[in-house]
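Below, each chain spelled out in residue letters.
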Amino acid sequence: MGKTAIIWFRKGLRLHDNPALLAAARDADHLCPIFILDPWFLKPDKISVNRVQFLLESLADLDASFRARGSRLLVLRGKPQEVLPRVFKDWGVTHLCFESDTEPYAKQRDAAVRELAEAAGVEVHSPVSHTLHDPQLLLARNGGRPPLTMQSFTKLVDAVGAPPAPAADPPEKLPPLAPKAETEAAAAAVPSLADIGYPPAGTTPFKGGETAALARMADYLSDKDWVCAFEKPKGNPAAFVRPATTVLSPYLKFGCLSPRLFHAKLQQIYTEKNGKHTQPPVSLRGQLLWREFFTLCGASIPNFDRMEGNAVCKQIPWVDDPERIKAWEESRTGYPWIDAIMAQLRQQGWMHHLARHSVACFLTRGDLWCSWEAGQAVFDKYLIDADWSLNAANWQWLSASTFFSQYFRVYSPISFGKQYDKDGAYIRHFLPVLKDFPSKYIFEPWTAPLSVQQQAGCIIGKDYPRPIVDHATVSKENMARMKAAYDAAKAAAAAGGSAGGGGGEGGKPAKRARKK
DNA sequence: TATTGGTTGCGGAA
DNA sequence: TTCCGCAACCAATA
């Protein structure tokens, strides 16, 4: 009996460093590359046109690469748990290969698919290639619990050693489709946005696909001095003509770019430069380690995208106000720096990491006191690089719920941006309504005299909103709320620790004495 | 149990 | 440009 294999793409939308593809193609008589458009991921109210456009571009690029190798990509539609059993049978499939995925939805889906494959007599192979290391391996090496600081995570990674080298490129010629799959090919082309219920075009300037990913990586890596001097916290969040970071995140999210290839290229440059380069956590390599760290947390901490039931997350009594959340989402807070960032998010599906910090702090502990989960949902909708684990982790970080606890460090919606965008070029670009405001007032337009507002053709309170809250006042109030929540968490931990008698040790002090 | 250090705050003083 | 106050955080380590 011959081998008819499916390579099932979900993330990992690339031919390079793709061990699942190699396993499927090896000694196969027939290779069927498929992507399944799962209705779960195609909800226009939950997932913006920009990210879906990026996905479809990535699929088109993948299809072109397969065609160049005598094959093609079939885009099927429906629930994978329903589509796959059908094609197993119709196409005479013997092997199913796909990249391992640690997100909760994927884990559940893939477990179900494995069972269905087993029932159909289909052999399943699911290698790790979305991260540098296998999260399960890292977890085991750390005693079954994820580290909760970047420092300890970096130590763990160093102890594990170099990540696997990128897999070999696939052969120039790939096995043909199964004959029965061939008959479905015409109906399985990469669809247009309109075909799947979206507006005809998005507005992001970033183009999806492996080809674009490799070109972008080559572009940013060509400046080796820049690579070696990279320090993330020193980047300029207001740079939008050429962003201060690589913008490889959407390509890593969809797997158009292999993290192991990127990592290997970085190490090569570092070696060439004789070790004179920045270090994690701030270096470019450090950025890959953050991704690795947060992916491990997402893979191993139950309910990682929620506050309740999330054992590492501080329980904070946020008050979700739908009007506040909407105003924040729609650039109506009255703080131009915040509103410009949110406009960039909606328009481009991407903003600099520090810009994300500004708006995340503003929505949660800084100003609006809304739940980080609400912000997470908005980012998940609009970001082209939205990643389940990274999004949850960063929102917990910024809201000082997990990982980070110095809640008295609050970003100012006025001062923070001013350091970078002195003349307000970023604000003018993303908030054209303010484009004629003088630089002096552009971060605080409500302080401009009426005559200035008239001259700028923008009346505050009419053409652009007044500030939704007074930052100086609410940030102080919120700090006190944070302190109360932290104290309550400490008290709860102390009570929980001594109650139940499970631990066996004598009572912990109910509360640690604090020196004054 | 105490110490160390943490990718990325702000505003004012020196 | 660097430092201090704010009001005092906490995981990892020794």
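Residue positions are given per chain, counting from 1 as you read along its sequence in written order. Working convention: letters from A go to chains and numbers from 1 go to ligands, in the order in which they are written. Two thresholds apply to this predicted model, a pLDDT of at least 70 for residue-level local features and 80 or more for giving and counting side-chain atom pairs, whereas whole-chain, interface and lining totals are computed over all residues. Side-chain numbers come from the whole structure's heavy atoms, not from hydrogens or water.

Draft legend 1. How the structure looks around the packing of helix α6 (residues 150–160) against helix α12 (residues 284–300). Their axes nearest at 10 Å, the elements α6 and α12 cross at an angle of 100°. As the angle between them shows, α6 and α12 are arranged roughly perpendicular. When α6 is examined against α12, the residues Met150, Phe153, Thr154, Leu156, Val157 and Asp158 are found in contact with a partner set consisting of Arg285, Gly286, Leu289, Trp290, Glu292, Phe293 and Leu296. Polar here means any residue other than Ala, Val, Leu, Ile, Met, Phe, Trp, Tyr, Cys and Pro, which are nonpolar, and Asp, Glu, Lys and Arg, which are charged; Gly is therefore polar. Residues of the contact of α6 with α12, tallied by class, amount to 8 nonpolar, 2 polar and 3 charged. Throughout, an axis means a line fitted to C-alpha atoms (over the contacting stretch in the case of helices), and angles, computed between N-to-C directions, take values from 0 to 180 degrees. The secondary structure listing takes helices from DSSP runs of H or I that are at least 4 residues long and strands from runs of E that are at least 2 residues long, numbered from the N terminus. Should an angle fall under 35 degrees it is taken as roughly parallel, and over 145 as roughly antiparallel, whereas 65 to 115 is taken as roughly perpendicular and any remaining angle as oblique. Contact criterion: two residues are considered in contact whenever any of their non-hydrogen atoms come within 4.5 Å of each other.

Draft legend 2. Main features of the protein's contact with DNA strand B. In these notes, residues near a molecule or strand are those with any non-hydrogen atom within 4 Å of it. DNA strand B sits among 21 residues. The nearest are Pro233, Trp290, Val410, Ser412 and Ser415. Here a base oxygen of DNA strand B and a side-chain polar atom of His353 are 3.4 Å apart. Whenever two N or O atoms come within 3.5 Å, that pair is a polar contact, provided that in protein one can donate a hydrogen and the other can accept it, and provided that, for residues adjacent in sequence, both atoms are side-chain atoms. Contact distances for DNA strand B include 3.0 Å between a phosphate oxygen and a backbone N or O atom of Ser412. Where the surface near DNA strand B is concerned, the elements lending two or more residues are α6, α12, α15 (353–366) and α18 (415–418). The element contributing the most residues to the surface near DNA strand B is α15, with 3 residues.

Draft legend 3. Inspection of the packing of aromatic side chains at higher detail. Pairing of aromatic rings covers Phe, Tyr and Trp, the last through its six-membered ring, and needs centres within 6.5 Å; plane angles under 30 degrees mean stacked, over 60 mean edge-to-face, and all others mean tilted. All chains considered together, the criterion is met by 35 aromatic pairs. Taken together, a centroid distance of 5.2 Å and an interplanar angle of 70° make the contact between Trp8 and Phe98 edge-to-face. With Trp8 in strand β1 (residues 4–9) and Phe98 in the loop between β4 (95–97) and α4 (104–119), the pair connects residues that are 90 residues apart, well separated along the chain. An identical accessibility class is assigned to Trp8 and Phe98; each is buried. Consider the rings of Phe9 and Phe66, whose centres lie 5.8 Å apart with planes at 70°: the pair is edge-to-face. Linking Phe9 in strand β1 with Phe66 in helix α2 (residues 49–67), this pair joins segments that are 57 residues apart in sequence. Of the two residues, Phe9 and Phe66, both sit in the buried class. Of the aromatic side chains, those joined through ring pairs into one cluster are Phe153, Trp290, Phe293, Phe294, Phe304, Trp397, Phe403 and Phe404. When the ring centre of Trp40 is taken as origin, the NZ or CZ atom of Lys43, which lies over that ring, is 4.4 Å away. Counting as a charge over the ring demands two things of the Lys NZ or Arg CZ atom: a distance within 6 Å of the ring centre and an angle within 35 degrees of the ring normal. For Arg242, the ring lying beneath its charged end belongs to Tyr220, and the centroid distance is 4.0 Å. Three exposure classes are used, based on accessible area relative to the maximum for each residue type with a 1.4 Å probe and protein chains only: buried under 20%, partly exposed in between, and exposed over 50%.

Draft legend 4. Fine view of the side chain of Asp421. Mapped onto the elements, Asp421 comes out in the loop between α18 and α19 (425–430). When charges are tallied, Lys and Arg are placed among the positive residues and Asp and Glu among the negative ones, while His and the ends of the chain are skipped. Should a side-chain nitrogen of Lys or Arg be within 4 Å of a carboxyl oxygen of Asp or Glu, the pair is scored as a salt bridge. Comment: no salt bridge for buried Asp421; closest opposite-charge side chain is Arg428, at 7.2 Å. Within the structure, the side chain of Asp421 is placed 3.0 Å from the backbone nitrogen of Tyr426, a separation counted as a polar contact. When near neighbours in sequence (up to four residues on either side) are disregarded, Asp421 contacts Ala238, Trp337, Tyr426, Ile427 and Phe443.

Draft legend 5. Representation of the protein's contact with DNA strand C. Taken together, 13 residues are adjacent to DNA strand C, and Leu148, Lys314, Lys483, Tyr486 and Lys490 come closest. The sugar and phosphate moieties of DNA strand C supply 96% of its atoms located within 4 Å of the protein. Leu148 is positioned such that a nitrogen or oxygen atom in its backbone is 2.9 Å from a phosphate oxygen of DNA strand C. Contact between DNA strand C and Lys155: a phosphate oxygen at 3.2 Å from a side-chain N or O atom of the residue. Mapped by element, the contributors of at least two residues to the surface near DNA strand C are α6 and α21 (471–498). Broken down by element, the surface near DNA strand C gets its largest block of residues, 3 residues, from α21. For the surface near DNA strand C, the residue count by class is 4 nonpolar, 4 polar and 5 charged.

Draft legend 6. Structural view of the environment of Ile301. You can see Ile301 is positioned in the loop between α12 and α13 (322–329). Of the residues examined, Ile301 reaches a relative accessible area of 7% and is grouped as buried. For the pair Ile301 and Val312, spaced 11 residues apart in the sequence, the C-alpha separation amounts to 7.9 Å. Not counting residues within four places of it along the chain, the set of residues in contact with Ile301 comprises Pro146, Leu148, Asn310 and Val312.

Draft legend 7. Up close: the environment of Ile7. Structurally, Ile7 can be placed in strand β1. Residues Ile7 and Ala120, spaced 113 residues apart in sequence, show a C-alpha to C-alpha distance of 17 Å. If near-sequence neighbours (up to four positions away) are discounted, Ile7 is found in contact with Asn18, Ala20, Leu21, Ala24, Leu31, Cys32, Pro33, Ile34 and Cys97.

Draft legend 8. The domain arrangement of chain A, seen in detail. Source of the domain bounds: an automatic or database domain assignment. Domains assigned within chain A are domain 1 (1–130), domain 2 (131–165 + 210–300) and domain 3 (322–494). Using C-alpha coordinates to define each centre, domain 1 is positioned 39 Å away from domain 3. In this assembly, 11 residues from domain 1 lie in contact with 12 residues from domain 3. Counting each side, the surface lost to burial between domain 1 and domain 3 is near 850 Å², with a carbon and sulfur contribution of 49%. Considering only the side of domain 1, the residues that lose the most area to domain 3 are Asn50, Arg51 and Glu103, jointly responsible for 51% of the buried surface there. Taken together, domain 1 and domain 3 are joined by 0 salt bridges. Taken together, domain 1 and domain 3 are joined by 5 residue pairs in polar contact (both at pLDDT 80 or more). Buried surface area refers to the total accessible area, computed with a probe of radius 1.4 Å, that the two partners give up upon joining, counted for both partners together.

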